[in-house]
Amino acid sequence: MDKSNRRKFIGTAAALGLATVASAMPSTTMEKKYPVVHHVFFWLKNPDSKADKDQLIAGIKTLKKIETVHNMHVGTVAATEKRDVIDMSWSVSELIYFADLDAQAIYQTHPLHLEFIKNCSHLWSKVVVYDVQEA
């Protein structure tokens, strides 16, 4: 490969690499489109039980079917650096995006949400909810 073709190849590869990185970066579209966020943290009664954790995660994922839920992230504690400002005492969290407060209110009384609570509340000892509206 001559120097000219090599430079073109490297330049094209670099541009494609940057485009890939840029497309993987989070955009603010989600925040603008769905400015209400519902973040829930669950503490399991039996935090060492994989079966309980799996059941809770499966239950949370059923909430995706609610029509006002636009995006959902279900997670567990990340193995990040331990610092005084990081709370690692919880077991599972859900992060849900809504278009507005009315959509979040519909979610709260939706039969699937009520069924989730009925079927899974025996698994947790504590729940903390943070409802956030874009400033």
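Residues numbered from 1 in each chain as written. Predicted model: local features only at pLDDT ≥ 70, side-chain atom pairs only at ≥ 80, totals over all residues. Heavy atoms only, no water.

## A word on the packing of aromatic side chains
Moving on, step 1. This model, assessed by the stated rule, comprises six aromatic pairs.
Moving on, step 2. Note on F41 and Y130: the rings are 6.0 Å apart at their centroids and 80° apart in plane angle, and the pair reads as edge-to-face. A residue pair is termed long-range when its members are at least 10 positions apart, and F41 in strand β1 (residues 36-44) and Y130 in strand β4 (residues 124-133) qualify at 89 residues.
Moving on, step 3. Taken together, a centroid distance of 6.1 Å and an interplanar angle of 85° make the contact between F42 and F116 edge-to-face. (Phe/Tyr/Trp six-rings, centres within 6.5 Å; stacked < 30°, edge-to-face > 60°. Helix = DSSP H or I, 4+ residues; strand = E, 2+ residues; numbered from the N terminus.)

## Brief notes about the packing of helix α3 (residues 50-61) against helix α5 (residues 111-120)
Moving on, step 1. Here α3 crosses α5 at 170°, and the two axes come no closer than 9 Å. Relative to α5, the element α3 is oriented roughly antiparallel. Of α5, the residues touching α3 (which contributes Q55, L56, G59 and I60) are F116, N119 and C120. (Axes fitted to C-alpha atoms, helices over the stretch in contact; angles between N-to-C directions. Parallel < 35°, antiparallel > 145°, perpendicular 65-115°, else oblique. Contact = heavy atoms within 4.5 Å.)

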